[in-house]
Amino acid sequence: MSIIRRPMNRRGLLKAGATGGLVLATPTIISRSAWAETNFRNDPTNSKTVTFGFNVPQTGAYADEGADELRAYRLAVKHLNGEGDGGMLSTMKPLSLNGNGILGKKVEYVTGDTQTKSDAARASAKRMIEKDGVVMWSGGSSSGVAIAQQSLAQEMGVVFMCGLTHSNDTTGKDRRRYGFRHFFNAYMSGAALGPVLKKEMGTDRRAYHLTADYTWGWTQEESIANTTEGLGWETVNKVRTPLGAGDFSQYIAPVLNSGADVLILNHYGKDMINSLTQAVQFGLRDKLVNGKNFEIIVPLYSRLMAQGAGENIKGIYGTTNWNWSLQDEGSRAFVKSFGQEYGFPPSQAAHTCYVQTLLYADACERAGTFNPAEVIKALEDHEFDGMGNGPTLYRGADHQCFKDVLVVKGNENATSQFDLLEVVEVTPASQVTYDPEIFGGELGPYKV
C-alpha cells in the first residue's frame, strides 16, 4: 500500500514539571517507504469507511455518565462526516480536518457496555477490535476500566482514548503508549483545591475520608490528603467503601463521633449522589464540631452528579474537568451543537469524549495515515486551543493532558435545573503541572 505522510506539526518543548524543568524532544524521522511496508491491525486502506468503537458504561454505577458520553460520540461522528453545524471544528486550532470524514473515509462506529467492570470492558473492546475492525476505541467512566482497556490497547496495537479516568495511575505507573487521557487527574484536583480550601476553611481542620475502593479512589484519597495535610489539616480516618454500595449509612454513622469537622467523599457517579444525600440526612451539615461548621468536600464533581444530588450539593466544593457555563469560543460552540441535538447542555463526560474523538481524527489527518504508531507520534506533545479550558498540551512523556482546572461549588442561586455548579476558580495549567516521573511507569514501544 502507498501511504502519504503529511509533515508533523509538533512542538519540541515539553512542560516537564512544577519545578519548571524543560525537556527537549527530538522527533524520530522515519522514511515514507519504511511506513509503507508496515502492516497494522484493522488497516482501512481498501475500505471507504473507518470504524470507531465507543465502549461506555450503559449499566452500573456510572451509567448516567456513559449515556452522555455516547451522545457526545455520536455528535462527534456527525461533525467529522460533515453533518450538523460542525461544532468545535470551527474553533479548534490548529485544524487539519475538513468535514469529509478522515483521510477521505466516512466514519462509522460500534458501541459496547463496560458495565463499569474491567473484565466486561476488556471483553467488549476485544470484540470491537477483532470482530468490528475498529482503528480506535474510547469511553468509560472508571479508572479501573480505563487501565484495563489501556493495557489491552498496548497488547492489540490499537489506540485507546481513555474517556473519564481520574486516577493518577492511568498516566502514571499504568501508562501505556497506546493510551491517551484528555481528563485531568487526582493530583491536579488536589493542587487546584488546596488554595481555595485554605481560604474558605482555614488551616485547622480534621478530615474524615470515605473512599471508593479501587485505583481512582485510592489515588484521589492520597492526593487530597497530601494537599490538606500540607495546609495543616489532620486526617482522622480513611475508610474504603465498595463500588456501587448504594447504602452508605454504615460508613457515615461513625463520622458523627470521630471528632472530624470535614467529610471528604472520594466517590463518583451514583455513589457520590447516594453518599452525599445520606450524609446530609444524617444532619452532618447542620453540626458544629470543634467550634466550626461541619463541611463536606466532593473533590471530583460533575453536573450529572450535582443534578442527582439536588439541594444537597449547594455550597459544596470540588473540581471539574470542564463546565458548560464556560464562555470561551470552543465551549460555546460545543454547548450550542449539543443543545440543538439533545435539548440540554453537555456534561464534562460529554465534552471529554467529544474532544478526544476529534483530536484522534485530526492526528490521523496530520499523520497522513491510520497507522497507530504514526498517529501516536502526532498526538504526543501536540499543543492546541479552541476546545475549552484554554491552551492545552498532550504531554509525550506520559500521555497526560494539561489544561486549566476548574474549582467549583454547588450553586446556591441556580437559575435553571442545569445551572448547578458555580466556577469559583480557574486554576492555570502551570499550577497543576508536575514532573512525569513522580508516579513512575513506562509507556512501552510504538510498534507491537
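Residues numbered from 1 in each chain as written. Predicted model: local features only at pLDDT ≥ 70, side-chain atom pairs only at ≥ 80, totals over all residues. Heavy atoms only, no water.

Enquirer: I keep staring at the overall build of the protein and nothing clicks. Help me out?
Expert: Of regular secondary structure, the protein possesses 13 helices and 19 strands. In terms of overall dimensions, the protein is globule-like: its C-alpha atoms have a radius of gyration of 22 Å, near the 22 Å expected for 448 residues. Within the protein, the fraction of its 448 residues that count as buried is 59%. Of all intrachain contacts in the protein linking residues separated by at least 6 positions in sequence, the fraction that spans at least 24 positions is 73%. Carbon and sulfur atoms form 47% of the exposed surface of the protein, whose accessible area is close to 16400 Å². The positive charge centre, built from 44 side chains, and the negative charge centre, built from 48, are 4 Å apart in the protein. (Helix = DSSP H or I, 4+ residues; strand = E, 2+ residues; numbered from the N terminus. Rg over C-alpha atoms; globule rule 2.2 N^0.38 Å. Buried < 20%, exposed > 50% of the residue type's maximum accessible area, 1.4 Å probe, protein only. Contact = heavy atoms within 4.5 Å. Areas by Shrake-Rupley, 256 points an atom, 1.4 Å probe, with all protein chains shown as cover. Lys, Arg positive; Asp, Glu negative; His and termini not counted. Charge placed at Lys NZ, Arg CZ, Asp CG, Glu CD.)

Enquirer: I'm lost on the packing of helix α5 (residues 186-201) against helix α6 (residues 215-231) in this one. Help?
Expert: Relative to each other, α5 and α6 sit at 30 degrees, their axes nearing to 9 Å. As far as their axial angle goes, α6 and α5 are roughly parallel. In the packing of α5 onto α6, the handedness of the crossing is right-handed. Note on element contacts: α6 touches α5 through Thr219, Gln220, Ser223, Ile224, Thr227, Thr228 and Leu231, opposite Ala186, Tyr187, Ser189, Gly190, Ala191, Leu193, Gly194, Leu197 and Lys198. Classifying every residue of the contact of α5 with α6 by side-chain character gives seven nonpolar, eight polar and one charged. (Axes fitted to C-alpha atoms, helices over the stretch in contact; angles between N-to-C directions. Parallel < 35°, antiparallel > 145°, perpendicular 65-115°, else oblique. Left-handed = near helix turned anticlockwise from the far one by under 90°. Nonpolar A, V, L, I, M, F, W, Y, C, P; charged D, E, K, R; others polar.)

Enquirer: It is not clear to me how the domain arrangement of the protein should be interpreted in this structure. Could you clarify?
Expert: For interface size, the figure often reported is the accessible area lost on association. Entries for the protein in the domain assignment read domain 1 (49-184 + 324-403) and domain 2 (187-320). Put simply, the middle of domain 1 and the middle of domain 2, counted by C-alpha atoms, are 29 Å apart. Listed as interface residues are 27 residues of domain 1 and, on the opposing side, 23 residues of domain 2. Taken together, the two surfaces of domain 1 and domain 2 that pack against each other cover about 2000 Å², and 59% of this comes from carbon and sulfur. Considering only the side of domain 1, the residues that lose the most area to domain 2 are Tyr62, His166 and Phe184, jointly responsible for 29% of the buried surface there. For the pair domain 1 and domain 2, the number of links is zero salt bridges. Counting across the domain 1 and domain 2 interface gives 17 residue pairs in polar contact (both at pLDDT 80 or more). When contributions to the side of domain 1 that touches domain 2 are tallied by element, the ones reaching two or more residues are α2 (63-80), α4 (143-156) and β17 (401-402). Across the side of domain 1 that touches domain 2, the residue classes tally to eleven nonpolar, twelve polar and four charged. (Domains from an automatic or database assignment. Buried area = accessible area lost by both parts, 1.4 Å probe. Salt bridge = Lys/Arg side-chain N within 4 Å of Asp/Glu carboxyl O. Polar contact = N/O pair within 3.5 Å; in protein donor to acceptor, adjacent residues only side chain to side chain.)

Enquirer: How should the UniProt feature "domain: Leucine-binding protein" (unreviewed entry) in the protein be read in this particular structure?
Expert: In this numbering, the UniProt entry assigns the feature "domain: Leucine-binding protein" (unreviewed entry) to residues 49-412. Helix makes up 40% of residues 49-412 and strand 20%, and the two end C-alpha atoms of the span are 48 Å apart. (UniProt positions renumbered as here; feature names shortened; annotations may be inferred.)

Enquirer: So what exactly am I meant to see when it comes to helix α10 (residues 329-342) here?
Expert: Residues that lie three or four places apart on an α-helix share one face, since the helix turns once every 3.6 residues. Over its 14 residues, α10 runs 20 Å from end to end, which matches the ideal 20 Å to within 8%, given 1.5 Å per residue. Those residues of α10 hidden inside the fold are in contact with α2 and α11 (348-367). Residue Asp328 occupies the N-cap position of α10, its side-chain oxygen lying 3.2 Å from the main-chain nitrogen of Gly330. Looking at the residues trailing α10, positive phi occurs at Gly343, about 90 degrees. (Expected span 1.5 Å × (residues − 1).)

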